[in-house]
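Observations on the three-dimensional arrangement
The residues making up each chain are set out below.
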Amino acid sequence: MKTEHSNAFQLDLFESLPNKPYCTDELGVTYIRPKKTAVKKKYLQVNQPSMVTYLVFDIDRNGAVLAWYDANLPAPYWTSKNPKNGHGHIAYRLKIPFCTSDIANIEPIKYAAAIQSAMIECLKADRGFAGLLTKNPMHPHWQNEFWTEYEYTLDELADHLDLRGHPLRGIESVGLGRNCELFESVRKWAYRAIRDYWAPNYKRVWNSAVYERVEALNGQFNQPLPVSEVKSISKSIANWTYKHFTPEGFRKSQAVKGAKGSRENKAKAGSLGGTVSKGGGRPDKKALLPQVLELKAQGYNNRAIAEDLGIGSATVSRWLRLISNE
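1. Comments concerning the overall build of the protein
When helices and strands are counted, the protein shows 12 helices and eight strands. Counting every position in the protein, which comprises 326 residues, the buried fraction comes to 44%. Sequence-distant contacts in the protein: of pairs separated by 6 or more residues, those separated by 24 or more amount to 71%. Accessible area of the protein: about 17200 Å², with a carbon and sulfur share of 50%.

Put into structure tokens, the structure is as follows:
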């Protein structure tokens, strides 16, 4: 990389930093400082809170900064090498950053988690790397190289990888895989658990219950997520379920289900000589949506959900797509 380009790369990096990043000169003691101060430290937080712009990998062996080349991966945005032992960090910049604590848009997190996990395997990087602090590529203590100004899409990175088996599951989850595990486990619990908290002004108690659940599951990981991530994930799940799973909606869904049973009974009576009403009207999305989500969380496919609720499978698919895009 030509030297005259490095200043421009560093300026871009500086602009994308959090306003007050975590930083330090000695691992184990972390500070929060304004950007102008933080960039003078050896270690630096480069991603915004609950937002991923950079995928960073920690490689603890000599020759680490060329691991991407050895693995036939594309050139990274930068590498930072420890001159004493050859260990280093490799960072890729994403064209479209994404939020790590948005239950309504979990699919990009799952996709990125699989990509990150597969890249860790290809690079033979440290799976225990927390990812909060990175070797500061603007600090002269490290041997830094800016390789390309190109920003990758997730699809472009995936083209170089075999994503089968990624990300790891359970307590072995690392990186973004931990976010996915917490979302999947806690949201399924929340769909049913929220019923026990329905009462006047229950939002505060519900928020606390979800946080405690996320915190407990996070503690099972070999490398738990930081408290800031736990707070963001629990807030997202609590707010989402509070919005979509209400006592009013539940009562409506039960009324619709009861009406469906009544129509089925009339149909049986009609087959014995009675008459059957062909009414019933269009299903109410708000009324049936909690049951659709609950059945989906239990692993039922769209067709089975549709048959159980007496609606079309295309309707179920459409509702789920709308919810994922909210």
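2. Overview of the nonpolar core
Grouped together as the largest cluster of nonpolar side chains are 65 residues, with contacts concentrated most on Phe 57, Tyr 92, Met 119, Leu 123, Leu 157, Trp 206 and Ile 237. When residues of this core are assigned to their parent elements, the largest contribution, nine residues, is made by helix 4 (residues 106–123). Grouped together as the second largest cluster of nonpolar side chains are 16 residues, Phe 9, Trp 78, Met 138 and Phe 146 included.

3. Thoughts on the environment of Leu 94
Tracing the chain through its elements places Leu 94 in strand 6 (residues 88–99). A relative accessible area of 2% places Leu 94 in the buried class. Separated by 17 residues in sequence, Leu 94 and Tyr 77 place their C-alpha atoms 9.5 Å apart. In this structure, Leu 94 is in contact with Val 52, Thr 53, Leu 55, Glu 151, Tyr 152, Leu 154 and Leu 157, ignoring residues within four places of it in sequence.

4. Here we look at the packing of aromatic side chains
Considering all chains together, one arrives at 17 aromatic pairs under this definition. An angle of 85° between the planes, with centres 6.1 Å apart, marks the rings of Tyr 77 and Phe 146 as edge-to-face. Pair noted here: Tyr 77 is in the loop between helix 3 (67–70) and strand 5 (78–81) and Phe 146 is in strand 8 (residues 143–146), with a separation of 69 residues, a long-range link. The buried category is assigned to Tyr 77, whose relative accessible area is 2%. Among the residues examined, Phe 146 registers a relative accessible area of 2% and is labelled buried. Put simply, the rings of Tyr 54, Tyr 77, Trp 78 and Phe 146 touch in pairs and so form one group of aromatic residues. Looking at Lys 135, its charged tip hangs above the ring of Trp 142, at a distance of 5.1 Å from the centre. When the ring centre of Tyr 242 is taken as reference, the NZ or CZ atom of Lys 203 above it lies at 5.2 Å.

5. A word on the sheet that holds strand 2 (residues 31–32)
Pairing is antiparallel across the open sheet formed by four strands, whose spatial order is 2-1-3-7. The sheet is open, and its two borders are formed by strand 2 and strand 7 (134–135), each paired with just one other strand. For strand 3 (residues 43–44) and strand 7, the ladder comprises two bridges, and the chain directions are antiparallel. Its bridge partner lying in strand 7, Tyr 43 is registered against Lys 135.

6. Considerations on unusual backbone geometry
Each neighbour pair has its own omega, and for His 166 with Pro 167 the value is -5°, a cis peptide bond. Note that Pro 167 resides in the loop between helix 5 (154–158) and helix 6 (176–193).

7. Re the pattern of salt bridges
All told, the structure shown has seven salt bridges when counted by the stated rule. With a closest N to O distance of 3.8 Å, Lys 41 and Asp 25 form a salt bridge. In this pair, Lys 41 sits in the loop between helix 2 (35–38) and strand 3 while Asp 25 sits in the loop between strand 1 (22–24) and strand 2, placing the two residues 16 residues apart along the sequence. Assessed through its relative accessible area of 22%, Lys 41 is described here as partly exposed. Look at Asp 25 and you get partly exposed, because its relative accessible area is 28%. Here Glu 184 and Arg 187 are joined by a salt bridge, their closest N and O atoms 2.9 Å apart. Here the residue Glu 184 and the residue Arg 187 both occupy positions in helix 6, the gap between them amounting to three residues, near one helical turn. A residue is classified by how much of its surface remains accessible, and Glu 184, at 13% relative accessible area, is buried.

8. Description of the packing of helix 7 (residues 203–218) against helix 8 (residues 227–244)
It is at 8 Å that the axes of helix 7 and helix 8 come closest, and there the two elements cross at 135°. By the angle between their axes, helix 7 is oblique relative to helix 8. For the element pair helix 7 and helix 8, the recorded crossing hand is right-handed. Of helix 8, the residues touching helix 7 (which contributes Lys 203, Trp 206, Asn 207, Val 210, Tyr 211, Val 214, Glu 215 and Asn 218) are Val 227, Val 230, Lys 231, Ile 233, Ser 234, Ile 237, Ala 238, Asn 239, Thr 241 and Tyr 242.

9. Comments concerning the sheet that holds strand 6
In sheet architecture, strand pairing relies on hydrogen bonds along the backbone and comes in two forms, parallel and antiparallel. Taking strand neighbours across the sheet as the criterion, the four strands line up as 4-6-5-8 in an open arrangement whose pairing is antiparallel. Since the sheet does not close on itself, it has two edges, and those belong to strand 4 (51–59) and strand 8, each with one partner. Going from strand to strand, the sheet's axes swing by 20° on average, the running direction of each strand aside. Where helix 4 meets the sheet, its contacts fall on strand 4 and strand 6, and the angle it forms with strand 4 comes to roughly 20°.

Calculation rules
- Residues numbered from 1 in each chain as written.
- Predicted model: local features only at pLDDT ≥ 70, side-chain atom pairs only at ≥ 80, totals over all residues.
- Heavy atoms only, no water.
- Helix = DSSP H or I, 4+ residues; strand = E, 2+ residues; numbered from the N terminus.
- Buried < 20%, exposed > 50% of the residue type's maximum accessible area, 1.4 Å probe, protein only.
- Contact = heavy atoms within 4.5 Å.
- Areas by Shrake-Rupley, 256 points an atom, 1.4 Å probe, with all protein chains shown as cover.
- Core = buried A, V, L, I, M, F, W, Y, C linked by side-chain atoms within 4.5 Å.
- Phe/Tyr/Trp six-rings, centres within 6.5 Å; stacked < 30°, edge-to-face > 60°.
- Lys NZ or Arg CZ within 6 Å of the ring centre and 35° of its normal.
- Pairing = 2+ DSSP bridges.
- Salt bridge = Lys/Arg side-chain N within 4 Å of Asp/Glu carboxyl O.
- Axes fitted to C-alpha atoms, helices over the stretch in contact; angles between N-to-C directions.
- Parallel < 35°, antiparallel > 145°, perpendicular 65-115°, else oblique.
- Left-handed = near helix turned anticlockwise from the far one by under 90°.

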